[in-house]
Number of protein chains: 2
Amino acid sequence: MTRFSSSVAELRSSEIRDLMSLATSPDMISFAGGMPGNELFPLNKIDKILNSLCEKEKQVALQYGPTTGLPTLLESLSEWLEKKGLPVKSNKLIITTGSLQAINILAKAFLDPGDSVLVETPSFIGALSAFRSYQANLVTVPLNGDGMDIKLLKDRINSSSVKPKFLYYSPNFHNPAGIVYSEEVKKEMIDVLRNQEIPIIEDDVYSDLYFFEEDRPKMKLIKSMDPEGIDVCFTGSFSKILGPGLRLGWMLVPDNIYQKCELIKQSIDACSPSISQVVADKFIREGHIDAYISEVREEYKKRGLAMIDTLEKCLPESVSFEKPRGGFYTWLQLPEGCDATDVLKKSIEKGVVFVTGKTFDPDGIKNDHIRVSFCNTDVETIKKGVPVIAEAIRVIMNLA
Amino acid sequence: MTRFSSSVAELRSSEIRDLMSLATSPDMISFAGGMPGNELFPLNKIDKILNSLCEKEKQVALQYGPTTGLPTLLESLSEWLEKKGLPVKSNKLIITTGSLQAINILAKAFLDPGDSVLVETPSFIGALSAFRSYQANLVTVPLNGDGMDIKLLKDRINSSSVKPKFLYYSPNFHNPAGIVYSEEVKKEMIDVLRNQEIPIIEDDVYSDLYFFEEDRPKMKLIKSMDPEGIDVCFTGSFSKILGPGLRLGWMLVPDNIYQKCELIKQSIDACSPSISQVVADKFIREGHIDAYISEVREEYKKRGLAMIDTLEKCLPESVSFEKPRGGFYTWLQLPEGCDATDVLKKSIEKGVVFVTGKTFDPDGIKNDHIRVSFCNTDVETIKKGVPVIAEAIRVIMNLA
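Residues numbered from 1 in each chain as written. Chains lettered and ligands numbered in written order. Predicted model: local features only at pLDDT ≥ 70, side-chain atom pairs only at ≥ 80, totals over all residues. Heavy atoms only, no water.

- Under an unreviewed UniProt entry, chain A has the name GntR family transcriptional regulator and belongs to Fermentimonas caenicola.
- As stated in UniProt under Subunit (unreviewed entry), the record for chain A gives "Homodimer."
- UniProt, in its Sequence similarities (unreviewed entry) section for chain A, records the words "Belongs to the class-I pyridoxal-phosphate-dependent aminotransferase family." (UniProt positions renumbered as here; feature names shortened; annotations may be inferred.)

1. Some words on the overall build of chain A
- The helix and strand inventory of chain A stands at 15 helices and 14 strands.
- In summary, chain A has a C-alpha radius of gyration of 21 Å against a globular reference of 21 Å for 400 residues, a match within 12%.
- Summarising its shape, the C-alpha atoms of chain A cover approximately 65 × 55 × 55 Å along the three principal directions.
- Put simply, chain A has 400 residues, and 65% of those count as buried.
- For chain A, long-range pairs separated by at least 24 residues make up 77% of all intrachain contacts whose partners lie at least 6 apart in sequence.
- On chain A, roughly 14,500 Å² of surface is accessible, and the fraction owed to carbon and sulfur atoms is 48%.
- Treating the 47 positive side-chain charges of chain A as one cloud and the 55 negative ones as another, the clouds have centres 2 Å apart. (Helix = DSSP H or I, 4+ residues; strand = E, 2+ residues; numbered from the N terminus. Rg over C-alpha atoms; globule rule 2.2 N^0.38 Å. Buried < 20%, exposed > 50% of the residue type's maximum accessible area, 1.4 Å probe, protein only. Contact = heavy atoms within 4.5 Å. Areas by Shrake-Rupley, 256 points an atom, 1.4 Å probe, with all protein chains shown as cover. Lys, Arg positive; Asp, Glu negative; His and termini not counted. Charge placed at Lys NZ, Arg CZ, Asp CG, Glu CD.)

2. Some details on the sheet that holds strand 11 (residues 329-333) of chain B
Residue and element names in this part refer to chain B.
- Across the sheet, which stays open at both edges, the four strands sit in the order 10-11-14-13 with antiparallel pairing between neighbours. Each edge of the sheet is formed by a strand with only one pairing partner; in this case those strands are strand 10 (320-321) and strand 13 (355-356).
- Note: strand 13 against strand 14 (residues 369-373), two bridges, orientation antiparallel. Bridge pairing in strand 14 places T356 opposite I370. (Pairing = 2+ DSSP bridges.)

3. Quick look at the environment of D226 of chain B
All names here are of chain B.
- Along the chain, the position of D226 falls in the loop between helix 10 (222-225) and strand 8 (232-237).
- A residue is classified by how much of its surface remains accessible, and D226, at 42% relative accessible area, is partly exposed.
- Between the C-alpha atoms of D226 and S90, which are 136 residues apart in sequence, the distance is 9.5 Å.
- Among all residues touching D226, those that are not within four sequence positions of it are P87 and S90.

4. A look at helix 8 (residues 150-159) of chain B
Residue and element names in this part refer to chain B.
- Taken residue by residue, helix 8 has I150, L153 and I157 as its buried positions. Looking down the long axis of helix 8, one finds its buried residues gathered within 55° of arc, a one-sided arrangement. Those residues of helix 8 that are exposed and angled more than 90 degrees off the buried face are K151, N158 and S159.
- The elements touched by buried residues of helix 8 are strand 3 (116-121), strand 4 (137-144), strand 5 (147-148), strand 6 (167-169) and helix 9 (183-193).
- Taking the backbone nitrogen of K151 as reference, a side-chain oxygen 3.2 Å away marks D149 as the first, capping residue of helix 8. (Arc of directions from axis to C-beta. Polar contact = N/O pair within 3.5 Å; in protein donor to acceptor, adjacent residues only side chain to side chain.)

5. A few points about the sheet that holds strand 8 of chain B
All names here are of chain B.
- In spatial order, the strands read 2-9-8-7-6-3-4-5; together these eight strands make up an open sheet with mixed pairing. Each end of this open sheet is capped by a strand with a single partner; those strands are strand 2 (92-96) and strand 5.
- The pairing of strand 3 with strand 4 spans six bridges and is classified as parallel. Its bridge partner lying in strand 4, T121 is registered against P142.

6. Some points on a negative patch on the surface
All names here are of chain A.
- The grouping of D146, E184, E188 and E322 at the surface amounts to a negative patch.
- Summarising the element assignment, E184 is placed in helix 9 (residues 183-193).
- E184 gets classed as exposed once you look at its relative accessible area, which sits at 58%. (Patch = residues over 30% accessible without salt bridge, like charges linked within 9 Å, V, L, I, M, F, W, Y side chains within 5 Å. Salt bridge = Lys/Arg side-chain N within 4 Å of Asp/Glu carboxyl O.)

7. Quick word on the interface of chain B and chain A
- Counting from both sides, the interface comprises 74 residues of chain B and, opposite them, 74 residues of chain A.
- The contact between chain B and chain A buries some 6,500 Å² in all, and 58% of this surface belongs to carbon and sulfur atoms.
- Per-residue buried area on chain B facing chain A is highest for R3, L62 and Y64 of chain B; these three make up 13% of the total on that side.
- The interface formed by chain B and chain A includes two salt bridges. (Buried area = accessible area lost by both parts, 1.4 Å probe.)

8. Remarks on the relation of the copies chain B and chain A
- Overlay of chain B on chain A (RMSD 0.0 Å): rotation 180°, translation along the axis 0.0 Å. Taken together, these values place the two copies in the relation of a two-fold axis. Relative to the rotation axis, the closest C-alpha in chain B is found at P273 of chain B, a distance of 3.7 Å.
- Take the interface residues of chain B: 100% of them recur as interface residues in chain A, which is what a same-surface contact looks like. (Least-squares fit on C-alpha atoms with pLDDT ≥ 70 in both.)

9. Let's talk about the packing of aromatic side chains
All names here are of chain B.
- All told, the structure shown has 28 aromatic pairs over all chains when counted by the stated rule.
- Ring geometry for Y169 versus Y181: centroids 4.9 Å apart, planes at 75°, classification edge-to-face. Of this pair, Y169 sits in strand 6 while Y181 sits in the loop between strand 6 and helix 9; the two residues are twelve residues apart in sequence, bridging distant segments of the chain.
- What makes Y169 buried here is its relative accessible area of 0%.
- When the ring of F211 is compared with that of F212, the centres are 6.2 Å apart and the planes differ by 75°; the resulting orientation is edge-to-face. (Phe/Tyr/Trp six-rings, centres within 6.5 Å; stacked < 30°, edge-to-face > 60°.)

10. Regarding the UniProt feature "domain: Aminotransferase class I/classII large" (unreviewed entry) in chain A
- Under the feature "domain: Aminotransferase class I/classII large" (unreviewed entry), the UniProt entry names residues 55-386 of chain A.
- End C-alpha to end C-alpha, residues 55-386 of chain A measures 50 Å, and it is 42% helix and 17% strand.

11. A short note on the pairing of strand 7 (residues 200-203) of chain B
Residue and element names in this part refer to chain B.
- Burial along strand 7 is two-sided: I200 and E202 and I201 and D203, pointing in opposite directions, are all buried.
- Alignment of strand 6 against strand 7, held across three bridges, turns out to be parallel. For Y169, the partnering residue across the bridge sits in strand 7 and is E202.
- In this fold, the crossover linking strand 6 to strand 7 by way of helix 9 has right-handed handedness.
- Two strands pair when backbone bridges link them, and strand 7 and strand 8 are joined in this way by four bridges, in the parallel orientation. Bridge pairing in strand 8 places I200 opposite V232. (Right-handed = clockwise from strand over helix to strand, strands pointing away.)

12. Looking at the domain arrangement of chain A
All names here are of chain A.
- Under the domain assignment, chain A is made up of domain 1 (6-42 + 290-396) and domain 2 (57-287).
- Listed by partner, the interface residues are 35 residues for domain 1 and 38 residues for domain 2.
- For the domain 1 and domain 2 pair, buried surface summed over both sides reaches about 3,200 Å², with 63% attributable to carbon and sulfur atoms.
- The tally of links between domain 1 and domain 2 comes to two salt bridges.
- With a closest N to O distance of 2.7 Å, R325 and D215 form a salt bridge.
- Linking domain 1 with domain 2 are twelve residue pairs in polar contact (both at pLDDT 80 or more), by the criterion used here.
- When residues of the side of domain 1 that touches domain 2 are traced back to their parent elements, those giving at least two are helix 1 (6-9), helix 13 (288-314) and strand 11 (329-333).
- Here the side of domain 1 that touches domain 2 gets ten residues from one element, more than from any other, and that element is helix 13.
- The residue makeup of the side of domain 1 that touches domain 2, split by class, is 17 nonpolar, eight polar and ten charged. (Domains from an automatic or database assignment. Nonpolar A, V, L, I, M, F, W, Y, C, P; charged D, E, K, R; others polar.)

13. Some points on the pairing of strand 2 (residues 92-96) of chain A
All names here are of chain A.
- With four of five residues buried, strand 2 lies mostly within the body of the structure.
- As defined by bridge partners, strand 2 adjoins strand 9 (residues 249-253) across five bridges and the pair is classed as antiparallel. Its bridge partner lying in strand 9, I94 is registered against M251.

14. Thoughts on helix 4 (residues 55-62) of chain B
- Buried within helix 4 of chain B we find K58, Q59, A61 and L62 of chain B. Buried residues of helix 4 of chain B, viewed axially, fall in a sector of 155°; they line one side.

15. Points about empty space enclosed by the protein
- Scanning the entire structure with this criterion turns up three cavities of 30 Å³ or more.
- Approximately 200 Å³ is the volume found for the largest cavity.
- Taken together, 16 residues make up the lining of the largest cavity; nearest its centre are P113, Y134 and Q135 of chain A together with P113 and Y134 of chain B.
- When its residues are assigned to classes, the lining of the largest cavity shows six nonpolar, six polar and four charged.
- Lining the second largest cavity are 14 residues, and of these I46, D47 and L50 of chain A together with L50 and L53 of chain B lie nearest its centre.
- Every element with two or more residues in the lining of the second largest cavity is listed here: helix 3 (43-52) of chain A together with helix 3 (43-52), helix 4 and helix 12 (274-285) of chain B.
- It is helix 3 of chain A that contributes the most residues to the lining of the second largest cavity, five residues altogether.
- Taken together, the residues of the lining of the second largest cavity sort by class into nine nonpolar, two polar and three charged. (1 Å grid on protein atoms, 1.4 Å probe; cavity = no way out; pocket = protein on both sides within 12 Å on 5 of 7 lines; lining within 4 Å. Points joined across faces, edges and corners; volume = space filled by probe spheres on them.)

Spelled out as structure tokens, the structure:
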């Protein structure tokens with residue numbers, strides 16, 4: 001008998017994972033993943049970067065680096081984040097092995113077994129897994145179209161016998177819900193959390209991928225508002241704006257939290273991949289990043305709008321959804337009595353895969369939504385695949 | 001007040017870390033790090049690999065991969081490990097973000113706060129940090145010249161009121177002690193641990209770097225002996241045989257442990273860097289790895305032998321050390337009453353840095369040794385730097 005730790009018991013294999021082998025099979029149309037389109041990666045620019053490295057830079061790429069990140073990338077990334085309005089001077093930056101690692105490290109910094117954390121429902125599965133792995137008690141706050149339900153947020157905080165250790169949320173083009181937080185909701189969150197000793201983990205990996213310039217003002221981050229009386233831990237990533245295979249993310253946090261997180265990272269993987277850091281640094285320094293983001297933003301917009309258009313044309317009236325205005329995802333509310341797993345099974349029979357709602361439910365139960373991503377399928381494929389999902393819903397609901 | 005988790009309190013900044021800025025200053029001679037020589041990296045081969053990738057391979061390098069590793073690297077690495085005698089068919093392989101991550105994941109799989117683990121003293125600082133981060137109680141077994149003290153290992157197990165959760169050890173060219181375990185000690189370890197429900201974490205990252213062909217038979221791993229009645233979790237790394245900047249290691253473990261570790265890794269960083277995995281896979285497949293290892297083995301042997309020679313010429317008689325027969329390190333026992341930190345301070349004044357013994361002591365106290373590494377300094381620099389250390393000891397001991 002192997003004697004595992006009790007924290008491991010909290011971890012479970014998700015439906016999404018069991019589906020990933022199907023989702024990557026060449027015969028399947030996959031709306032399941034949250035990966036950038038393969039054909040959108042800036043291969044030529046990265047080739048040029050790799051071929052332009054001098055001997056010393058190549059050595060740096062293969063050597064250990066400092067735990068918090070290569071100084072050159074910390075510098076170029078700081079400058080880039082500062083231009084976006086983030087308070088880099090009054091905070092400290094750590095390069096992490098993807099933003100999931102940043103979230104995981106923060107969870108470890110704050111959580112003892114049994115501690116409560118405030119999470120949205122639905123929420124990003126990676127963060128939920130990280131919190132579960134530290135045996136957190138997930139206290140859920142439902143999402144509306146403009147952000148978390150503030151009344152319920154207050155209720156949750158007031159009705160808890162012990163104070164939650166932090167609030168985790170995602171402001172822009174939410175995974176899976178696709179929504180953007182309104183400025184009003186963010187201000188109310190600040191009011192509720194001020195001087196409560198409940199830090200915010202603000203996870204923002206999609207905000208560069210907006211479809212409409214006019215949305216930008218309302219997308220302002222809580223970290224950028226730099227509110228008094230709240231520790232805001234901002235996490236971000238190169239995964240959606242350069243390539244997830246580099247495994248590079250970051251956290252921007254107050255100094256006292258930085259000190260702890262550095263020690264934790266030292267005990268996890270010593271440092272993030274240097275080879276990736278050298279590439280990402282040059283990608284920023286040589287001015288490619290903003291041009292590249294503009295380019296993919298246009299392509300994801302085409303896909304997102306094609307997704308909306310196709311859904312509107314073929315979904316039964318009883319299915320509703322918030323139209324995405326950026327990011328990677330649409331989140332469909334199924335008709336009453338329609339179970340997402342039934343729809344998924346029926347769709348898979350016809351060669352289309354996506355992710356069921358309960359995957360994103362912190363309680364792992366609620367299954368009346370499906371997440372249909374449009375990031376890794378071109379417009380033609382979207383037009384071909386979406387009707388299969390619509391048909392599956394009709395069959396399950398006897399609407400055919 | 002930020003409310004941190006209790007596990008974070010166990011983590012501390014180490015002397016070695018505070019010294020690293022000194023150690024990398026160009027004016028300093030550094031015997032401190034455990035990094036490969038910068039000038040030894042196979043830059044040309046990696047350039048060729050990067051330039052030979054087809055479009056699809058480049059896309060794979062930038063995309064998310066499976067949590068347990070890219071299938072092509074799992075295949076090539078399995079084959080390479082099998083040739084070394086490891087039981088890859090009856091176990092499962094996971095690619096990790098460095099071997100420290102493998103050790104960290106295994107610690108998380110086994111440890112609840114307060115659990116005991118058996119560790120060598122001295123021991124690898126990275127592993128100790130990982131175990132401390134899970135609030136483990138470190139139960140130490142002293143090292144002799146041929147491996148851990150078996151009598152004391154038995155005592156520790158028998159005198160514990162609760163059974164230790166695992167034993168962590170490093171068989172070949174130990175960091176920091178430099179020793180190689182004898183076959184006899186490994187067999188006795190197997191006898192002691194059989195059917196005890198105490199898994200072994202066998203951490204082996206230096207064994208390719210032997211100086212003498214004749215040592216190879218005795219270096220056989222416990223994992224390769226495949227003993228009945230013990231779960232052996234083997235961890236290894238590309239860091240010393242290709243480049244630590246890739247951040248790639250692995251674990252080879254029984255299936256039930258693999259299942260848990262996969263879930264843990266999913267919650268830590270989702271997958272290891274794909275770009276590094278593509279490079280490492282080609283490095284193995286194109287047959288570079290064994291040729292490259294032979295090359296650096298010769299260079300490290302030159303450095304190691306120069307280190308022994310210089311130490312023998314200039315050390316006071318009252319300092320003793322085990323002559324290294326491979327790996328990266330020499331481990332000097334200071335004369336009675338001589339504190340390693342005093343020697344270090346004196347050496348730094350003259351421009352030479354190394355690591356003090358207490359860094360590697362699980363209790364963080366014993367400071368009668370110093371670790372002098374020869375991996376990242378050429379022969380000339382060794383001849384120049386070692387006398388500075390010898391002189392510092394003389395000054396401290398009033399032997400001048």
